[in-house]
Amino acid sequence: MGLVQLNATSESSFKRVITESVKLLPAVTEAGYTGYGTIENGFAAIFLKPNSTIADFNQTFAPFFNLSRVPGIQGVVAAYPSTWDGYLQNVLQDPNIGSNIQDTSRLLTLKVMQEKADDLAEFIVDNKQGAGFNFSKSLGAPKTVIRRSHSSIFVLVGKVNNDERDNTAVHDVWKHSHGLLSVSVDWADTAADREKEAKRQQTVRLSKRLTEIVGSGGGTYVNEANP
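1. Brief notes about the packing of helix 6 (residues 117-126) against helix 8 (residues 193-214)
Consideration 1: Contact geometry of helix 6 with helix 8 gives a least axis separation of 10 Å together with a crossing angle of 165°. Looking at the two axes, helix 6 sits roughly antiparallel to helix 8. Note on packing geometry: the crossing formed by helix 6 with helix 8 is right-handed. Taken together, the residues of helix 8 that come into contact with helix 6 (itself represented by Asp119, Leu120 and Phe123) are Leu206, Arg209, Leu210 and Ile213.
Consideration 2: Per-class residue counts for the contact of helix 6 with helix 8 are 5 nonpolar, no polar and 2 charged.

2. A word on helix 8
Consideration 1: Between its first and last C-alpha atoms helix 8 spans 31 Å; for 22 residues at 1.5 Å apiece the expected length is 32 Å, and the two agree.
Consideration 2: Looking only at helix 8, the buried set comprises Lys199, Thr203, Leu206, Ser207, Leu210, Ile213 and Val214. Buried residues of helix 8, seen end-on, are gathered within an arc of 115° and therefore sit on one face of the element. Those residues of helix 8 that are exposed and aimed more than 90 degrees away from the buried face are Asp193, Arg194, Arg205, Lys208 and Glu212.
Consideration 3: Each element contacted by the buried residues of helix 8 is listed here: strand 5 (100-109), helix 5 (110-115), helix 6 and strand 8 (177-187).
Consideration 4: Gly215, located one to two residues past helix 8, shows a positive phi value of around 105°.

3. Re the side chain of Ser13
Consideration 1: Note on placement: Ser13 falls in helix 1 (residues 11-30).
Consideration 2: For Ser13, a relative accessible area of 6% corresponds to the buried category.
Consideration 3: Side-chain polar atoms of Ser13 contact the backbone nitrogen of Thr9, separated by 3.1 Å.
Consideration 4: Among residues more than four places away in sequence, those in contact with Ser13 are Ala8, Gly72 and Ile73.

4. Some words on the packing of aromatic side chains
Consideration 1: Taken as a whole and assessed by the stated rule, the structure comprises 6 aromatic pairs.
Consideration 2: With 6.1 Å between their ring centres and 75° between their planes, Tyr33 and Phe57 make a pair best called edge-to-face. With Tyr33 in the loop between helix 1 and strand 2 (34-39) and Phe57 in helix 2 (residues 54-60), this residue pair connects regions lying 24 residues apart in the sequence.
Consideration 3: Residue classification places Tyr33 among the buried residues on the basis of a relative accessible area of 2%.
Consideration 4: Classification of Phe57 as buried rests on a relative accessible area of 3%.
Consideration 5: Between the aromatic rings of Phe61 and Phe64, the centroid separation amounts to 5.9 Å while the plane-to-plane angle is 40°, which identifies the pairing as tilted. Note on accessibility: Phe61 and Phe64 belong to one class, buried.
Consideration 6: Taken together, the aromatic side chains of Tyr33, Phe43, Phe47, Phe57, Phe61 and Phe64 make up a single cluster linked through ring pairs.

Rules used throughout
Residues numbered from 1 in each chain as written. Predicted model: local features only at pLDDT ≥ 70, side-chain atom pairs only at ≥ 80, totals over all residues. Heavy atoms only, no water. Axes fitted to C-alpha atoms, helices over the stretch in contact; angles between N-to-C directions. Helix = DSSP H or I, 4+ residues; strand = E, 2+ residues; numbered from the N terminus. Parallel < 35°, antiparallel > 145°, perpendicular 65-115°, else oblique. Left-handed = near helix turned anticlockwise from the far one by under 90°. Contact = heavy atoms within 4.5 Å. Nonpolar A, V, L, I, M, F, W, Y, C, P; charged D, E, K, R; others polar. Expected span 1.5 Å × (residues − 1). Buried < 20%, exposed > 50% of the residue type's maximum accessible area, 1.4 Å probe, protein only. Arc of directions from axis to C-beta. Polar contact = N/O pair within 3.5 Å; in protein donor to acceptor, adjacent residues only side chain to side chain. Phe/Tyr/Trp six-rings, centres within 6.5 Å; stacked < 30°, edge-to-face > 60°.

Geometry only, nothing functional implied.
Next up, the structure:
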């Protein structure tokens, strides 16, 4: 299991952390790593790869290590011995079951992640959103990202296995995408109807801006938790 923790010391370095991380993630998934992460004043993530080695991790994540040495960015990139059972017990969990969360999302192609990374960084920083990452190369769909109790943007990054994609996906973009950007709002059970409606309208505004960046043909991901 490996850890990437990049902390930004200014808004400009925060944008650089987001931009560079988005551009680097496709190579990480191509190398077979999966993981969970968040973006909030920096980038932090835990990564796994079955039967991997510390040497393999160090080679794959060398660009992240180099990023941690850029002025204005502080961080750690390191691998640790781990087991699958330990990962299931300590990492794989979802505290959001039964919570009031509304999402709108778009799948991200490699082209978008390489050419629109700056726009995505501006989108996150300008709207003062936190963000989260999930990485998967061979699984059929991304897994859940830990959410915080305010409006958030979650990025689920991964290149899915295309062997049966024609039989399991309703949108061809799955064959070309490396991630899912999900814009979310949530509210307390005791929230007034006016607050709920304001949150929904906020989601609509963020969704429109997201479509402007990604394009109208981005597609989306829906699982059993989506209403």
